Amino acid sequence: DHTAVSTSLYSFTDILYNLPGKFTMRRCNQCGLMYLSPRPTPKSIAFYYPEDYTSYRPPISNERLALMRWIRQRKLQKRRLLIERYSKRKNGVILDVGCATGLFLDEMIRFGWQGFGIEPIESAARFARTHFEVFQRMLSNAPYPTNFFDAITFWDVLEHTFSPKETLVQTASLLRPDGIVAISVPNWDSWERHWFGRHWQGFDPPRHLYVFTRATLTKLLEEAGFTVLE
């Protein structure tokens, strides 16, 4: 608990679903990492992820507008190409942590990768399991051996974890020595955060437990044994 050496930034309620609870975003005065405190517990957090949570997207083919289908497919393609650019193995083994309904896994598998997923929220995992090998659990309970994956991805997921550092340390152990990790997170330094202030979507309390800057994320990665490539 860093409360004694931290600064209170904003106090929130659940803006997206108006579910009960009051939460505060704080910044550690020592390392600069921003975190939610108080926050839900690991046992209560699922309450804040209803079945219509915005990240649980239906298949792209279900989109009515052709433009939306193109935009969503283009986003998946860009992520796949990023992995393929840096991975030492083509058509390797990939783990998508927080895979939601499995759309990114579908993209990778269609291009020859062996894909696995982890999704802790039952409603999303249930849908994904009809198409992929998906475990409904946290990464800390993952049934995978060490040095198993060529790539592990966290697409807008790391900010949801209760301990990003422990998560990244475990990620390093699951990767082969030349494996890669790809992460996307809301960026504190983005123009959207400066423009919208406390109403910035990147806060999303209480589902986002952390907010990162480039410096704090880089520090966590290096402490976990990674070298930042891009």
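Since this is a predicted model, take the numbers as computed values, not measurements. (Residues numbered from 1 in each chain as written. Predicted model: local features only at pLDDT ≥ 70, side-chain atom pairs only at ≥ 80, totals over all residues. Heavy atoms only, no water.)

1. Observations regarding the overall build of the protein
Applicable threshold: Secondary structure counts use DSSP, requiring at least four H or I residues in a row for a helix and at least two E residues in a row for a strand, with both numbered from the N terminus. Radius of gyration: over C-alpha atoms. The globule rule applied is 2.2 Å multiplied by the number of residues raised to the 0.38 power. Relative accessibility under 20% of the residue-type maximum defines a buried residue, over 50% an exposed one, and the middle range a partly exposed one, all with a 1.4 Å probe and only protein chains included. Contacts are assigned to residue pairs that have any heavy atoms within 4.5 Å of one another. Here, Shrake-Rupley sampling with a 1.4 Å probe gives the accessible areas, and only protein chains in the shown set may cover a residue. Under this rule, positive means Lys or Arg and negative means Asp or Glu; His and the chain ends count for nothing. All charge positions are set by atom: Lys at NZ, Arg at CZ, Asp at CG, Glu at CD.
When helices and strands are counted, the protein shows six helices and nine strands. On C-alpha atoms alone, the protein measures out to a radius of gyration of 18 Å, which is about the 17 Å that the 2.2 N^0.38 rule sets for 230 residues. Burial analysis of the protein (230 residues in total) assigns 45% to the buried set. Partitioning the intrachain contacts of the protein with sequence separation of at least 6 by distance along the chain shows that 62% fall at a separation of at least 24. About 12,400 Å² of surface is accessible on the protein, with carbon and sulfur atoms providing 54% of the total. Separation between the mean location of the 29 positive side-chain charges and that of the 23 negative ones in the protein comes to 2 Å.

2. Description of a nonpolar patch on the surface
The condition is simple: Residues form patches when they are more than 30% accessible in relative terms and have no salt bridge. Like charges link within 9 Å. Nonpolar side chains (Val, Leu, Ile, Met, Phe, Trp, Tyr) link within 5 Å. Here a salt bridge means any side-chain nitrogen of Lys or Arg lying within 4 Å of a carboxyl oxygen belonging to Asp or Glu.
Where nonpolar side chains cluster on the molecular surface, the patch consists of Leu 67, Trp 70 and Ile 71 and spans about 360 Å² of accessible area. Judged by its relative accessible area of 57%, Trp 70 is exposed.

3. Structural notes on the sheet that holds strand β8 (residues 175–184)
Going by this rule: The rule for pairing is simple: two strands pair if DSSP sees at least two bridges between them. Axis definition: a line fit to C-alpha positions, over the contact stretch in the case of helices; interaxial angles, taken between N-to-C directions, run 0 to 180 degrees.
The five strands lie next to each other as β6-β5-β4-β7-β8, forming an open sheet whose pairing is parallel. Of all strands in the sheet, those bounded by a partner on one side alone are β6 (133–135) and β8. The sheet shows a mean angle of 20 degrees between the axes of neighbouring strands, taken without regard to direction. Two strands pair when backbone bridges link them, and strand β4 (residues 93–97) and strand β5 (residues 114–118) are joined in this way by five bridges, in the parallel orientation. Residue pairing in the sheet places Ile 94 in a bridge with Gly 115 of β5.

4. A word on the pattern of salt bridges
Throughout the structure, instances matching the rule amount to 14 salt bridges. Where Arg 80 meets Glu 107, a salt bridge forms, and the shortest distance between an N and an O atom there is 2.7 Å. Of this pair, Arg 80 sits in helix α1 (residues 66–86) while Glu 107 sits in helix α2 (residues 103–110), and the two are 27 residues apart along the sequence. Take Arg 80 and Glu 107: they sit in the same class, and that class is buried. A salt bridge links Arg 85 to Glu 230, with the shortest nitrogen-to-oxygen separation between them at 3.1 Å. Residue Arg 85 is located in helix α1, and its partner Glu 230 is located in the segment after α6 (214–223); the two are separated by 145 residues in the primary sequence. In this structure, Arg 85 and Glu 230 share a single accessibility class: exposed.

5. Re α6
Let me state the cut-off plainly: Throughout, the arc means that of the directions going from the helix axis to the C-beta atoms.
Within the sequence span of α6, burial applies to Thr 216, Leu 217, Leu 220 and Leu 221. Buried positions in α6, seen along its axis, are confined to an arc of 135 degrees and lie on one side of it. Away from its buried face by more than 90 degrees, α6 exposes Arg 214, Ala 215 and Glu 222. In this fold, the buried residues of α6 make contact with α4 (164–174) and β8. Where α6 ends, the next residue or the one after it, Gly 225, has phi of about 100 degrees, a positive value.

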